[in-house]
Amino acid sequence: MKYYSTNGKAPIADLQKAVVKGLAEDRGLYMPEEIYKLPKAFFGDISGMKFQDIAYNVASNFFGEDVDEDALQDIVYDTLSFDCPVVKVTDNIYALELFHGPTLAFKDVGARFMARLLGYFLRQGGDACGETATNRTVNVLVATSGDTGSAVANGFLGVEGIHVYVLYPKGKVSPIQECQFTTLGKNITAIEVDGVFDDCQALVKSAFMDEELNQHMKLTSANSINVARFLPQAFYYFNAYARMKALGLADNLVMCVPSGNFGNICSALFGHEMGLPIKRFIAANNANDVFYNYLQTGKYEPKASIQTLANAMDVGDPSNFARILNLYSQNGTLTPEATHHRITNLISGATYSDEQIKETMRQCYSETGYVLDPHGACGYRALQEGLKPGEVGVFCETAHPAKFKEKVDDILGIDIEIPARLRAFMEGEKQSVEMTKDFADFKAYLMQQ
Ligand SMILES: *Cc1c(COP(=O)(O)O)cnc(C)c1O
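### A short note on the sheet that holds strand β7 (residues 162-169)
The strand order across the open sheet formed by five strands is β9-β6-β7-β8-β14, and the pairing between neighbours is parallel. Among the strands making up the open sheet, the edge pair consists of β9 (218-221) and β14 (433-435). Here the strands of the sheet are splayed against their neighbours by 30° on average, with no regard to which way each runs. Inspection of the sheet shows strand β6 (residues 138-143) paired to β7 by six bridges, in the parallel sense. Note on β7: the bridge partner recorded for leucine 141 is tyrosine 165. The sheet strands contacting helix α20 (residues 439-447) are β6, β7, β8 (188-193) and β14, and the helix crosses β14 at an angle near 145°.

### Details of the pairing of strand β13 (residues 392-397)
Within β13, six of the six residues are buried, which leaves the element mostly enclosed by the surrounding structure. Neither face of β13 is left uncovered, since the one carrying Val392, Val394 and Cys396 and the one carrying Gly393, Phe395 and Glu397 both have all their residues buried. Examined bridge by bridge, strand β5 (residues 93-97) and β13 share five bridges and lie parallel to one another. In the strand pairing of β13, leucine 96 is matched with cysteine 396. One ladder, built from four bridges, connects strand β10 (residues 253-258) with β13; its direction is parallel. Bridging from a neighbouring strand, leucine 253 pairs with valine 392 of β13.

### Notes on the site of the ligand
In the neighbourhood of the ligand, 15 residues make up the surrounding shell, with Lys107, Gly260, Asn261, Phe262 and Thr398 lying closest. Backbone polar atom of asparagine 261 to an oxygen atom of the ligand: 2.8 Å apart, as the coordinates give it. Computed on the free molecule, the ligand has an accessible area of 380 Å², of which 96% lies beneath the protein chains in the complex. Looking at the shell around the ligand residue by residue, the class counts come to six nonpolar, seven polar and two charged.

### Some words on empty space enclosed by the protein
Scanning all chains against the criterion turns up one cavity of 30 Å³ or more. Here the largest cavity is characterised by a volume of approximately 40 Å³. Residue composition of the lining of the largest cavity, grouped by class: six nonpolar, four polar and no charged.

### Notes on the nonpolar core
Soluble globular proteins tend to bury their nonpolar side chains together. In this structure, Phe63, Leu117, Phe156 and Phe238 are the most contacted members of the largest nonpolar core, which totals 114 residues. Ranked by the residues each element gives to this core, the list is headed by helix α5 (residues 107-123), at ten residues. In this structure phenylalanine 156 touches Ala111, Met114, Ala115, Leu118, Val140, Ile162, Val164, Asn187, Ile188 and Ala222, once residues within four positions along its chain are discounted. The next biggest cluster of nonpolar side chains, apart from the first, holds 33 residues, and it includes Ala105, Met361, Cys364 and Leu383.

Conventions we followed
Residues numbered from 1 in each chain as written. Predicted model: local features only at pLDDT ≥ 70, side-chain atom pairs only at ≥ 80, totals over all residues. Heavy atoms only, no water. Pairing = 2+ DSSP bridges. Helix = DSSP H or I, 4+ residues; strand = E, 2+ residues; numbered from the N terminus. Axes fitted to C-alpha atoms, helices over the stretch in contact; angles between N-to-C directions. Contact = heavy atoms within 4.5 Å. Buried < 20%, exposed > 50% of the residue type's maximum accessible area, 1.4 Å probe, protein only. Near = heavy atom within 4 Å. Polar contact = N/O pair within 3.5 Å; in protein donor to acceptor, adjacent residues only side chain to side chain. Areas by Shrake-Rupley, 256 points an atom, 1.4 Å probe, with all protein chains shown as cover. Nonpolar A, V, L, I, M, F, W, Y, C, P; charged D, E, K, R; others polar. 1 Å grid on protein atoms, 1.4 Å probe; cavity = no way out; pocket = protein on both sides within 12 Å on 5 of 7 lines; lining within 4 Å. Points joined across faces, edges and corners; volume = space filled by probe spheres on them. Core = buried A, V, L, I, M, F, W, Y, C linked by side-chain atoms within 4.5 Å.

Quick look at the structure:
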């Protein structure tokens, strides 16, 4: 498969290049040249298939031309060592729980898949990145405000030939988040930056642009715009469809995705293009309403993000918006009006304030006993308000509520149990490297590695 850039000014790339580079030379996002439909027979059999086999079929459709069959099967099976069950919440609303992976958030699948795919390319002996660097180890730099760092660090843990540096703002991530990337050791180094998240991101960006550093070591990012991170999330939606079909509830299925950077919902839309029979989609937002406004007006007006209770969705300029536009404009061949029309025919939106999120969490808990996290709460509410007669809705529960224990306990007046996996991280010993926000210091440190 070849990949083109949404900005249309970069050379066509193969999968390996798209994965290693992440972003195209013209700063556009990579798109596969074709999205093949899956055969009718696959959808006929799907409700009897297990998650891993469904996922392998989907993965094969995207990556099968570029990755050896057995290797791809291993990558998929190894990535999906946990389940993503669909759980009934009300008569017509089901939760798709994406939080049973190592760090209890849905980003685990994309991070694990990308780590394994990159490991595969390295083993193939391909010069996976940076043709001139002296050291062959690939170094992944990732800046985090919490959740991404833990998913990437755990996804890449123990993968040979790759070292991960997680940069995070000192004192600004929760203790539960911090322990998920500072206690791992091995090929994961946590760098505690005396600054804010933007300083961490600036250090990473400067590192990618520094020629001397790039001569010294191979650098890459594990950003969520990477095709190997966002596409595997499509597995979730095929699995959800299969489980709902087994219940006889898949005929008028509405899929609702709490969205921030729109990578997760974008993967669902790619699934739809592959033939997945979802009737329509809802993108549920917190108070960051840029996409919601686009749906209403046809105008995309990015703005600064605002802090909310559902902080993993605090995004004011969602990076995958470009992919959605590209998909429905048929790579820019349709007018903006026609594109907007196609998008609003398939996707609707919702936006909720922190007050509404709290109210929804309380109402759902008291009426059904189900504990929503603040992100999932946006999805649940959008279905409650948006489902039409005869429709059944599935929303993604994107993180385990215990990841936000203080908030959830406070809002619901409960003492939610911390899963054993999360407790194990908290008992580990913190190891981190202290760093100023001055690039010269960060560079000097990396030059010694
Ligand atoms: C990242 C994240 C989201 C948003 O996903 P996008 O792919 O960025 O739209 C939602 N909920 C949680 C818990 C997340 O970590």
